[in-house]
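Breakdown of the fold
Below are the chains, spelled out letter by letter.
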Amino acid sequence: MPHQVPALSGRFDVAVIGAGVIGCAIARRLALAGARVAVIEKAIDILDGASKGNSAILHTGFDAPVGSLEQSCIAAGYEEYLSIHGRLGLPLIRSGAIVVAWTEEEEAILPALIEQARQNRIEDVEFLSGTSLRVAEPGLSSRARSGFRIPREYLIDPWSAPFAYLLQACENGAEILRGAEVIGGRRDGDWHLETTRGPVQAGLVINAAGLWGDLLDERLIGRRDFHIKPRKGQFIVYDKPAAALASHIILPVPTKVTKGVVVCRTAFDNLLVGPTAEDQDDREHAVLISETLALLQRRGEEILPGLKDHVVTAIYAGLRPATEFKDYQIRSHDGLSYITVGGIRSTGLSAALGIATHVERLAGLALTPPVAPVWPTVPNISEHAARDWQREGNGGVACHCEMVTRREILAALEGPLAARSLAGLKRRTRVTMGRCQGFFCTAELSRLTQDRFDRAMAEMAK
């Protein structure tokens, strides 16, 4: 068992409940504003809920409802990511996106979508005829009728970004308590939260609990203004040679319920197809369904026929915290020193930094920012820049499919956000996420991670 970090002590200005991408971004924003921040996470590691599965796109928000809170947060988050990614060492791969109409009915919707993009100040969208589509994407099926291009959409690393946000928060004074479920709380001027790992005192509570946000509101303030209905998204990942089949992010015409099945490269040079959109009641388990995955694979091959010649190396599923409302559910509760940040669905990765700024305004705290804030740089695990295996003294490669070095693994097991589970280590390094899915490196990993995880790898296999 790893050394247990003691429960948090003293008074915090803010307690952020939930260490998904939204909680990580809020913690960063408020720590940089000068707040003493506590982050409380139910799971043993960060990014273990809705944030562990998404499409890894930095989205312009071209198709968000005009004038919505979602649109404004995406726009602000997009701009801030562009401005800070270099200082934090985060990847940014400009691919552009194309929206493709496959039916006459979808084709009829394109002019309205282009106008919506322009109302959202995405003015460089460009209509593409069927011929122009195939020039832009030669591997696209001949059944594509027409579409439009959004040039400034990007591919990013879905896990390094929130990791960097929370690491910067910690480097500027924030503290994190993992494996701690908030089981109650009362307010007498300050909030006194009761967690499974001890009490936490804070002036302001921010609920960023994702899939559990509505239930946490009910537990702490005795009401909930929305109901979470988890929406499962299943994905398939093709081996790296398939990435050559698509240069753009290929999007369908969105519906009122979902953005639909996306085909795109990843920052790790794989090719991704997904997600599905399946509403369910279970908030914890995203079960993979072989029949659904087969349909998803068939859909991917209808879009890019060349996929039939490539191998699927991984499948996964995630849950989005959908609600009965289309827009985000973010509000400050008068007189309670309590802010709810709920209903953040698939656009959360793009909007996170914008949401954090919005929440900072709602909080209205009078703070003094640090004179010289710390800007940590996170290790690069994407294929957009040099990797550790290309440098001297890395201890050798432990995972040959993803070229992960022993030095990278050992580094991920140290520091304020040390990996506490194999899943957490995967998200920090990509170890075991390649073609063999850990078949050849598990024994070495078990040795390197001995006494580092809450549950040893050998026990996980039982």
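Here, the structure is the one placed above.
Residues numbered from 1 in each chain as written. Predicted model: local features only at pLDDT ≥ 70, side-chain atom pairs only at ≥ 80, totals over all residues. Heavy atoms only, no water.

Section: the nonpolar core
Residues Tyr165, Leu166, Val341 and Ile355 are the most contacted members of the largest nonpolar core, which totals 59 residues. Excluding its chain neighbours within four sequence positions, the residues that come into contact with Val341 are Ile22, Ile26, Ile206, Asn207, Ala208, Gln329, Ile330, Ile355 and Val359. If you look at the next biggest cluster of nonpolar residues, it comprises 25 residues, including Ile57, Leu113, Ile114 and Ile249. (Core = buried A, V, L, I, M, F, W, Y, C linked by side-chain atoms within 4.5 Å. Buried < 20%, exposed > 50% of the residue type's maximum accessible area, 1.4 Å probe, protein only. Contact = heavy atoms within 4.5 Å.)

Here we look at the packing of helix H2 (residues 69–88) against helix H8 (residues 348–363)
Running from N to C, H2 and H8 point in directions that differ by 105°, and their axes come no closer than 6 Å. Here H8 runs roughly perpendicular to H2, going by the angle between their axes. Where H2 abuts H8, its residues Leu69, Cys73, Ile74, Ala76, Gly77, Tyr78, Glu80, Tyr81 and Ile84 lie against Ser350, Ala351, Leu353, Gly354, Ile355, Thr357 and His358. Here the residues of the contact of H2 with H8 sort into 10 nonpolar, 5 polar and 1 charged. (Axes fitted to C-alpha atoms, helices over the stretch in contact; angles between N-to-C directions. Helix = DSSP H or I, 4+ residues; strand = E, 2+ residues; numbered from the N terminus. Parallel < 35°, antiparallel > 145°, perpendicular 65-115°, else oblique. Nonpolar A, V, L, I, M, F, W, Y, C, P; charged D, E, K, R; others polar.)

Considerations on the side chain of Asn270
Mapped onto the secondary structure, Asn270 falls in the loop between strand E15 (262–265) and strand E16 (271–274). Overall, the relative accessible area of 4% leaves Asn270 in the buried class. In terms of polar contacts, Asn270 uses its side chain to reach the side chain of Lys240, at 3.4 Å. Discounting chain neighbours no more than four positions away, the residues touching Asn270 are Val237, Tyr238, Asp239, Lys240, Ala243, Cys264, Arg265, Thr313 and Arg430. (Polar contact = N/O pair within 3.5 Å; in protein donor to acceptor, adjacent residues only side chain to side chain.)

Some details on the environment of Asp279
Counting through the fold element by element, Asp279 comes out in strand E17 (residues 278–279). A residue is classified by how much of its surface remains accessible, and Asp279, at 45% relative accessible area, is partly exposed. Along the backbone, Asp279 and Lys229 are 50 residues apart, and their C-alpha atoms lie at a distance of 6.6 Å. There is a polar contact of 2.8 Å between the side chain of Asp279 and the side chain of Arg231.

Concerning the pairing of strand E10 (residues 182–188)
With 6 bridges joining them, E10 and strand E11 (residues 190–195) adopt antiparallel strand pairing. Looking at E11, one finds that Gly184 is bridged to Glu194. Between the end of E10 and the start of E11, which pair antiparallel, lie 1 residue, with Gly189 showing a positive phi angle near 95°. (Pairing = 2+ DSSP bridges.)

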